[in-house]
Amino acid sequence: MIKIIFKEHSGAVHEVTGTEGESLMDVAMNNMVPGIDGDCGGDCACGTCHVIVAADWANKLAQANGEEDALIGMTPDKQDGSRLACQVVLNGDLDGMEVTLPEFQM
Ligand code: FES
């Protein structure tokens, strides 16, 4: 199991687990972590699964593709470490990763 720590904008923390190959969005949804809308169901088409990955972990992720970059660019509260949770796929190197949820999804 791969541990992921989600931090809500309010400060609430959700420590949950997922499995290799699951997306970060699936892990959040499966564990009832609030704050990710996921309107397109994970097709990289809506941008409502925005999360901010802690700096220590962001460089362990595969590069965002052009579609993800374009959607993140439209996110009002884009920050360093911004990613779309549906495009981040879990692997063993991400065990313990910290992810912050924005105050709102677009
Ligand atoms: S769920 Fe729509 S872009 Fe991630």
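Residues numbered from 1 in each chain as written. Predicted model: local features only at pLDDT ≥ 70, side-chain atom pairs only at ≥ 80, totals over all residues.

### A word on the overall build of the protein
And step 1. Within the protein, the regular secondary structure consists of three helices and five strands.
And step 2. Its C-alpha radius of gyration of 12 Å places the protein within 12% of the 13 Å reference for a compact globule of 106 residues.
And step 3. For the protein, the spread of C-alpha atoms along the three principal axes comes to 30 × 30 × 25 Å.
And step 4. Scored against the burial criterion, the 106 residues of the protein give a buried share of 27%.
And step 5. Nonlocal contacts in the protein, meaning residues at least 24 apart in sequence, comprise 65% of its contacts between residues at least 6 apart. (Helix = DSSP H or I, 4+ residues; strand = E, 2+ residues; numbered from the N terminus. Rg over C-alpha atoms; globule rule 2.2 N^0.38 Å. Buried ≥ 20, exposed ≤ 12 C-beta atoms within 10 Å, placed from the backbone. Contact = placed C-beta atoms within 7 Å.)

### Section: the pairing of strand β2 (residues 13–18)
And step 1. In terms of strand pairing, strand β1 (residues 2–7) meets β2 through six bridges, oriented antiparallel. The residue bridging I2 from the neighbouring strand is G18, located in β2.
And step 2. The turn linking β1 back onto β2 is made up of five residues, and G11 within it adopts a positive phi angle of 105°. (Pairing = 2+ DSSP bridges.)

### Description of the sheet that holds strand β4 (residues 82–84)
And step 1. Within the open sheet, the five strands sit side by side as β2-β1-β5-β3-β4. Their pairing is mixed. Every other strand in the sheet has two partners, leaving β2 and β4 as the edge strands with one partner each. In this sheet, neighbouring strand axes are inclined to one another by 35° on average, regardless of whether the strands run parallel or antiparallel. (Axes fitted to C-alpha atoms, helices over the stretch in contact; angles between N-to-C directions.)

### Describing the nonpolar core
And step 1. L24, A28, V51, A85 and V99 are the most contacted members of the largest nonpolar core, which has 22 residues in total.
And step 2. Counting residues per element, the ones that place at least two in this core are β1, α1 (24–30), β3 (50–53) and β5 (97–100).
And step 3. Here this core gets four residues from one element, more than from any other, and that element is α1. (Core = buried A, V, L, I, M, F, W, Y, C linked by C-beta atoms within 7 Å.)

### As for the environment of N65
And step 1. With respect to the helices, strands and loops of the structure, N65 is situated in the loop between α2 (55–58) and α3 (66–73).
And step 2. Assessed through the 11 C-beta atoms surrounding it within 10 Å, N65 is described here as exposed.
And step 3. For the pair N65 and Q87, spaced 22 residues apart in the sequence, the C-alpha separation amounts to 9.0 Å.

### Observations concerning the environment of N31
And step 1. When you line up the elements, N31 lands in the loop between α1 and β3.
And step 2. For N31, a count of 14 C-beta atoms within 10 Å corresponds to the partly exposed category.
And step 3. N31 sits 13 residues away from G18 along the chain, and the two C-alpha atoms are 9.0 Å apart.
And step 4. If we ignore the near neighbours within four places in the chain, the residues touching N31 are H14 and V16.

Any functional reading would require information that these geometric values do not contain.
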